[in-house]
Structures are given as structure tokens and as C-alpha cells.
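Chain and residue survey
Given next are the chains, with one letter for each unit.
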Amino acid sequence: MIDLTKLNDFKPSFGYYALQLMYPEKRDFHPAFLEEAFDAGHPGYGHVHTYWQQMQVFSLEEIQENYAATFDFHKDCALYMTYFKFEDAKERGQMLAKLKLLYEMYGLEMPEGELPDFLPLMCEFLYAAEWLGDPNAAENFRMLIAIFEDGTYHLLQALNRLESPYYHLIKGLRETLKACAEQEALRQ
């Protein structure tokens, strides 16, 4: 189970993850975004700072080229989190429909032409949605968190093989989610 209060506490970092996982723009690399989203006690702090430091040696054009080369041209680095498990199987379509419904339940409108398992969109949902006080939120988020865990695990392995700076960003995201796991669930 996920601790929804902790997940809520980390909303700014999910906004940061969403921003960094979309096609890079100059404004995305302003240091204020990093400082606002992470303090030294944040579980993803070390990994995200490693990512930040590695990205600082590149020009914006190089970052954009790296982004496209990594996420657009490596099948195993797809940012679509159900793709790794289902590819284009019927089950994937069902999972996408459930995700879209979840987003709509919490007031997020899907962008035109985007699939609901797009990792930046999933992070944006965690940043923007309001779930505290909803007695069904824990159950509703179970599938979402499972998709995050499964998809980012495969993505992390591929990024590690490529020695990509994005490895550290995804590792930070996974550590953030891990910190939100309820302690009782970890003991079992």
C-alpha cells in the first residue's frame, strides 16, 4: 500500500520529474525548480542532484538531442509505462482505459493525442491531483503505482546500460515512490 499523505508531501518533486521527462526547454533547467522540489532530506535528493550535475555540462541543443536519441530511438527506453509489459496487446488497451478513467476521477483532463501511461503525464497527475480525504484513493492508486514500479524498473535498466544521465532521474523517482510505501507493507 502507498502512504497517500507522504505521496502528497512529495507533490513538488513529481512536478519536477514531469518537467524533466518532457522534451527539454531552456526554462526547465532553472535551478529554482530543483531547489523548490527537493530538500536534503528528500529520498530522491542525491539521485536528482547527480542527474542535475551531469546535465549541466551539456548545451540545451545537446540535451535535446540526447533526449530524442534516448527516448525516441531506443525501444527499451520508451516513456510509455505499460509498453514494456504489454507492448500492443489487448491488456494494454484495457490498462490505458483504466488510467484515463482514474485521471478523470481526480479532475485531470487528458491532453489531445497523449496516452495515459506516458511517464511525464503520470508524474504530472501525482503533482496536480487532489486525493487527500478520498476514502477510495488508496485502492484507486494501487494500479497507478504498480504501473509506475513496473515501467520505471524496465526503463531504469535500459538507461543504466546506456549510461544516461536520465538513469539518475528515474532512480530518484523510484526512491521517492519507495519512500511512500507504507511500512507495514514493507515488513510483509
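Predicted model only: the values in this text are computed from it and were never measured. (Residues numbered from 1 in each chain as written. Predicted model: local features only at pLDDT ≥ 70, side-chain atom pairs only at ≥ 80, totals over all residues. Heavy atoms only, no water.)

1. Here's the deal with the layout of surface pockets
To be explicit about the condition: For each structure, a 1 Å grid was placed over the protein atoms alone; sets of points admitting a 1.4 Å probe that cannot get out are labelled cavities, open sets with protein on both sides within 12 Å along at least five of seven lines are labelled pockets, and lining residues have an atom within 4 Å of a point. Grid points are joined across faces, edges and corners, and a volume is the space filled by probe spheres set on the points. For helices the rule is a DSSP run of H or I covering at least 4 residues; for strands it is a run of E covering at least 2, with both sets numbered from the N terminus onward. Each residue receives one of three labels: charged for Asp, Glu, Lys and Arg, nonpolar for Ala, Val, Leu, Ile, Met, Phe, Trp, Tyr, Cys and Pro, and polar for the others, Gly being one of them.
Looking at the largest pocket, its volume works out to about 330 Å³. Lining the largest pocket are 17 residues, with Ile 2, Ile 145, Glu 149, Leu 177 and Ala 181 positioned closest to its centre. Sorting the residues of the lining of the largest pocket by element identifies α9 (137-162) and α10 (166-179) as the ones contributing at least two each. Element by element, the count of residues in the lining of the largest pocket is highest for α9, at eight residues. A class-by-class count of the residues in the lining of the largest pocket yields 10 nonpolar, one polar and six charged. Here the second largest pocket is characterised by a volume of approximately 180 Å³. What lines the second largest pocket is Pro 12, Gly 15, Tyr 16, Ala 18, Leu 19, Phe 33, Glu 36, Ala 37, Glu 124 and Tyr 127. Those elements giving two or more residues to the lining of the second largest pocket turn out to be α2 (11-21), α3 (31-37) and α8 (119-128). Take the lining of the second largest pocket: its biggest share by element is five residues, from α2. When its residues are assigned to classes, the lining of the second largest pocket shows seven nonpolar, one polar and two charged.

2. Some remarks on the nonpolar core
Going by this rule: We call a set of buried Ala, Val, Leu, Ile, Met, Phe, Trp, Tyr and Cys residues a nonpolar core when their side-chain atoms join them within 4.5 Å. Partly exposed describes any residue whose relative accessible area lies between the buried limit of under 20% and the exposed limit of over 50%, with all areas from a 1.4 Å probe on protein chains only and scaled to the type maximum. We call two residues in contact when some of their heavy atoms are within 4.5 Å.
If you look at the biggest cluster of nonpolar residues, it comprises 59 residues, and the most contacted ones within it are Leu 119, Phe 125, Leu 126, Phe 141, Leu 144, Phe 148 and Leu 155. If one sorts the elements of this core by residue count, α9 sits on top with 10 residues. Among residues more than four places away in sequence, those in contact with Leu 126 are Leu 7, Lys 11, Phe 14, Trp 131, Phe 141, Leu 144, Phe 148 and Leu 177.

3. What about the confidence of the model for the protein chain?
Here is the rule we go by: The quantity known as pLDDT measures the predictor's confidence residue by residue, on a range of 0 to 100.
On average, residues of the protein chain score 92 in pLDDT, and 95% of them are at 70 or above. In the model, residues 184-188 has pLDDT below 50 throughout and makes two contacts with residues more than four positions away in sequence or in other chains.

4. A short note on α10
Counted only if it meets this: To estimate how far a helix should extend, the number of its residues minus one is multiplied by 1.5 Å.
Look at α10: 20 Å from first C-alpha to last across 14 residues, which is about the 20 Å you get at 1.5 Å a residue. Residues of α10 that are buried include every one of Tyr 166, His 168, Leu 169, Ile 170, Gly 172, Leu 173, Thr 176 and Leu 177, and no others.

5. Things to note about helix α5 (residues 60-72)
Over its 13 residues, α5 runs 17 Å from end to end, which matches the ideal 18 Å to within 8%, given 1.5 Å per residue. Taken as a whole, α5 has its buried residues at Ile 63, Gln 64, Tyr 67, Ala 68, Thr 70 and Phe 71. In this fold, the buried residues of α5 make contact with α2, α4 (45-55), α9 and α10.

6. A word on the side chain of His 42
Note the threshold: Within 3.5 Å is the distance limit for a polar contact, defined as a pair of N or O atoms, with the added protein rule that one can donate a hydrogen and the other accept it, and that residues adjacent in sequence qualify only through two side-chain atoms.
Summarising the element assignment, His 42 is placed in the loop between α3 and α4. Only 3.1 Å separates the side chain of His 42 from the side chain of Ser 13, close enough to count as a polar contact. If we skip the residues at most four places from it in the chain, His 42 touches Phe 10, Ser 13, Tyr 17, Ala 37 and Thr 176.

7. Things to note about the packing of aromatic side chains
Quick reminder of the rule: Under the pairing criterion, centres of Phe, Tyr and Trp rings, with the six-membered ring standing for Trp, must be within 6.5 Å; the plane angle then separates stacked pairs below 30 degrees from edge-to-face pairs above 60, leaving the rest tilted.
Scanning the entire structure with this criterion turns up 15 aromatic pairs. Their ring planes at 40° and their centres at 4.8 Å tell us that Tyr 103 and Phe 125 sit as a pair that is tilted. Pair noted here: Tyr 103 is in helix α7 (residues 90-105) and Phe 125 is in helix α8, with a separation of 22 residues, a long-range link. Here Tyr 103 matches Phe 125 in class, with each residue buried. On the accessibility criterion, Phe 125 (1% relative accessible area) is buried.

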